[in-house]
Amino acid sequence: MAERYSGIREKRPYTYNDLGDKGDKLAADFEKRCIKNADRTFSQGLQCQQINSISAVLSLEESVFVVHSPQGCAGCVTMGADGYRVGQAHRGVRLIKSPRVIVTNLDQNDIIHGGEAKLREAVKLADERYNPKLIFIFTSCASGIIGDDVDAIAADLQPESSSILVPIHCDGFRSKICASGFDAAFIAIQKYLLPKQPPVKQKDLVNLFAPTSISYKDQLEIERMLGLLGVKVNYIPFYSSLEKIRQIPAAAASTSICKVFADEFMKTLEDDYGIPYAHTVMPIGVRNTDKWFLGIAELLGKGDSAREYIEKEHARVLPKLDAIKKRLRGKRVFICGGTGRSFAAAALIDDFGMELAVLETPTYDADAQIDIDYLNGIHKDYVVDIANMQPFEQVNLVNALKPDVFIGVPSWSARFGIPTTHVLDPKRATMGYDGILYLGEKIADQIENPGFNRKLAPYARLPYKKSWYDSDPFKFIKEVE
Amino acid sequence: MSAVTEYPRGTCVLGGVNATLSAINRICTIYHSGPGCCMQTTAGEGAQSGLLQPYYLGAVSSPCSNMLEREVVFGGEKKLREEIDGTLEIIDADAYFVLTGCTAGIIGDDIEAAVSEYGGKNVYAVTTPGFAGDALLGYEIAFQALFDHIIDKNPKRDEELVNLIGIFPYHDAYWIGAFEELTRILQKLGLKVNTFFTDNQGIEQVKTASSAALNIIVNPWRLKKFAELMSTAYGIPSVRFPGVPLGATQTSAFVRGVGEALKLGGGLIEKVIREEEAYVYHFYESAVGAISWKRFAVVADAGTAIAMTKFLADDWSLSPVVTIVSEPIWSDKDKQYITEQIRCLEFARSPDVFFLPDHCDIRQKIKEYGGITLIAGSSLEQEVSLEIDAQHTAVSFPISDRLIFNRAYAGYRGALTVAEDLFNNL
């Protein structure tokens, strides 16, 4: 992968992050290859790729995480660490621990003279304190710009360390797409951790790649479903280990439960180890669950038993959807989320007969086009906002289009008094067929009981000028060379 | 100056500046930084101190130039100007502060020059980049920026107005409660209180800081320079208390200290103290013996370490064992003063005092002591509490496992809240 793919998502052909238009228009333009490269001349804060790189590996066992940066770049580590603690609690761990994160704490002096000495000190500390199996080293904007040669320093330190040193190149300024950070982590895993000699093949082993936002309940449900196909799951990388990572090449197939997680890595595994993969969708909603399950089952030559199961589940679940449909049919929905969940939610609402008003998702590319084509077949006249958050565009669109419900991070839309809900849920399974019923009930309940948002709205104080609400929401998106 | 640190408590200067300024009503911070700094700094401050986020602008709603490779190579000043233009067009704020990320700081963008083009539009620059230090330094830098750009240069003295400073918004998880409780007490003394961060105070209140009769600083060592500036420029004296006063003993000393500094009548001071103490002790009387005896450790920033150690020892007769100051402090003089403050207890034996910002050092140090049954620290100390089978209560940054609005761990009434949280019948 290192030779073939840079790890920078926007460098892949026909990838766009700054775009806004009607769904049918975008699909047609994309088809004709006439979407122009653009940038926002005004924007709000993004998520940097370092955040994703760290979150991808933070729950690995017997690991220490060295963040080679000033103190602030560990800000989101704390968020990931909270998730790690909750994940341990859900998994029944009693002595819940914090991830071992060591920050080199680059300061003015290091910016001028280089941060090498502190990086060496941090790696030695990691070894002395924890004698871990893995020491990950994350780069940052600061370490990248001052030109610290992290690979060389790690190579130099490696003989003295009993751990495997794994530098991950995730300088924030190198990518606008935070999912690049997942790729950076997998590039490093491939380079430093996968065995050169592939282990003995296990015919019943499947690599299941899942991002940090997947709850333990969802993990169990997905593992259960794959179990029906008679396979064992190698769940990577959450609450996983070096041993499980080393088993990756032994698998008979790979799949992911997020569109932008390990997609490039699975290609590499196919090239290097001949492991076929299913890259489909996040298994939320009837269509997506079918598609995801069939995708991996067909690869394993178990399409028939998957179809049998799907049929049985449809017979069980679809009648129960009718009651939910009655509550939700025709409601106009604004969806905002990361790539995987936004498209999953968009497919889900079709199960309930809801209408798509706006889809806000970070990236438009060939993969997104598949889903947009599908959505164009169902919904008319909806808006696509290709944006990573950018709440200023979101509030403009919510105000103008007045959707009946908002699905996503509710911080801003709630203040318009409309019901808000989310397809993320850490406590219950949202994936698979029972997940559909759970999410349906959740969405219906939250729409029918909007008291909190309604009562909040008269007191809400959003920071935008009145004139902004009368402006074109995409006016700051300007064509660039 | 900074050291390699395991699990540092708090983010960088940028995080501290933003946490402070964004707590002032209707202020807009504009990040001239790489694409992750808005999220990193707010995830690492507000989200780690009781989970509140600024309602107006913060995290991914803060305007940000999101500097990428092109800006790093060719300079980001053009992108910054566009960002400021866009911000002024759509964001309705009373003042705009351009903050500097590492990226802009290292490549040397001339932010002052860019900002100077927006004369009369209330756009100001804070050019201290993230790598210059930790978040609490950022708190001081923010006050410097307010002094430089906002505070009224031609004040009219208001003898009843005081500036209450030294409580860190979005870092001290109990900041809102502390401001509210201390304001309540100071108002009983007939004073008007500038907190700048609560009760919808905004730019207008910041401007009046130079009219105040007194700065009341509730921190053992921060804001020395600000106090000096206020004294030199506007002749405003400062009175310093070693932490946010907590419990009857400390708060009565606080009331007397303020009364003395402002030469308020002794009758009023003692009347307020009697009323307030009676209120607290009435409750204590109803719960004698409810808080069982404990040998305790404290892990906190310097101010909280002092206040909490003294409160548990002096007011609740619990036994201090070790107090660890987890905020990085470099000056020996400051360390000595803080140590003296922690060790100066009324009746109890003084605890050992250490200055350890590193999470592993903190865990190890606590484990060196046997018989600790309570750790009053951050959420991070939950882990060592489980290891040594001690009770844990979250009093200091970071607190990420409970939602905190205006819960006060300060003053008279806050003492009751701390005691409520300390009760444990296990």
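Since the structure is predicted, the reported quantities are computational estimates derived from the model, not experimental observations. (Residues numbered from 1 in each chain as written. Chains lettered and ligands numbered in written order. Predicted model: local features only at pLDDT ≥ 70, side-chain atom pairs only at ≥ 80, totals over all residues. Heavy atoms only, no water.)

Help me out: how do you make sense of the overall build of chain A in this one?
Along its length, chain A carries 19 helices and 16 strands. A globule of 481 residues ought to have a C-alpha radius of gyration of about 23 Å, and chain A, at 23 Å, matches this closely. Taken along the three principal axes of its C-alpha coordinates, chain A extends 65 × 55 × 50 Å. Out of the 481 residues in chain A, the part that is buried amounts to 62%. A separation threshold of at least 6 residues defines the contact pool for chain A, and within that pool the share at least 24 residues apart is 75%. A total accessible area of about 18,000 Å² is found for chain A, and carbon and sulfur atoms account for 53% of it. Taking the 60 positively charged and 62 negatively charged side chains of chain A as two groups, their mean positions are separated by 5 Å. (Helix = DSSP H or I, 4+ residues; strand = E, 2+ residues; numbered from the N terminus. Rg over C-alpha atoms; globule rule 2.2 N^0.38 Å. Buried < 20%, exposed > 50% of the residue type's maximum accessible area, 1.4 Å probe, protein only. Contact = heavy atoms within 4.5 Å. Areas by Shrake-Rupley, 256 points an atom, 1.4 Å probe, with all protein chains shown as cover. Lys, Arg positive; Asp, Glu negative; His and termini not counted. Charge placed at Lys NZ, Arg CZ, Asp CG, Glu CD.)

Please explain the nonpolar core as it appears in this structure.
Proteins that are soluble and globular tend to have nonpolar side chains buried together. Membership of the largest hydrophobic core comes to 114 residues, with the highest contact counts inside it found for B:Leu21, B:Phe97, B:Leu186, B:Ile216, B:Val258 and B:Met308. Sequence-distant contacts of B:Leu21, defined by excluding residues within four places in its chain, comprise B:Ile27, B:Thr29, B:Phe97, B:Leu99, B:Val126, B:Ala142 and B:Leu146. Listed in part, the 111 residues of the second largest apolar core include A:Ile168, A:Leu194, A:Ile236 and A:Val260. (Core = buried A, V, L, I, M, F, W, Y, C linked by side-chain atoms within 4.5 Å.)

How should the environment of B:Thr29 be read in this particular structure?
All names here are of chain B. Within the secondary structure, Thr29 sits in strand 2 (residues 27-32). Residue classification places Thr29 among the buried residues on the basis of a relative accessible area of 2%. Excluding residues within four positions of it along the chain, Thr29 makes contact with Asn18, Leu21, Ser62, Pro63, Phe97 and Leu99. Among the polar contacts listed, one links the side chain of Thr29 to the side chain of Asn18, at a separation of 2.7 Å. (Polar contact = N/O pair within 3.5 Å; in protein donor to acceptor, adjacent residues only side chain to side chain.)

Just checking my understanding: could you explain the interface of chain B and chain A for this structure?
It is common to give the size of an interface as the accessible area lost on bringing the parts into contact. Contacts between the two partners involve 62 residues from chain B and, on the opposite side, 69 residues from chain A. Surface buried jointly by chain B and chain A totals about 5,600 Å² across both partners, of which 56% is contributed by carbon and sulfur atoms. Considering only the surface of chain B that becomes buried against chain A, B:Val4, B:Gln40 and B:Ile90 emerge as the three largest contributors, covering 13% of it. Where chain B touches chain A, the interface holds eight salt bridges. Two residues, A:Asp39 and B:Lys79, come together in a salt bridge whose shortest N-O distance is 3.5 Å. Joining chain B to chain A, the criterion identifies 38 residue pairs in polar contact (both at pLDDT 80 or more). Mapped onto the side of chain B that touches chain A, the elements with two or more residues apiece are strand 1 (5-6), helix 2 (37-43), helix 3 (69-74), helix 4 (77-90), helix 5 (102-107), helix 15 (359-368) and helix 16 (382-388) of chain B. Its residues placed into classes, the side of chain B that touches chain A shows 30 nonpolar, 17 polar and 15 charged. (Buried area = accessible area lost by both parts, 1.4 Å probe. Salt bridge = Lys/Arg side-chain N within 4 Å of Asp/Glu carboxyl O. Nonpolar A, V, L, I, M, F, W, Y, C, P; charged D, E, K, R; others polar.)

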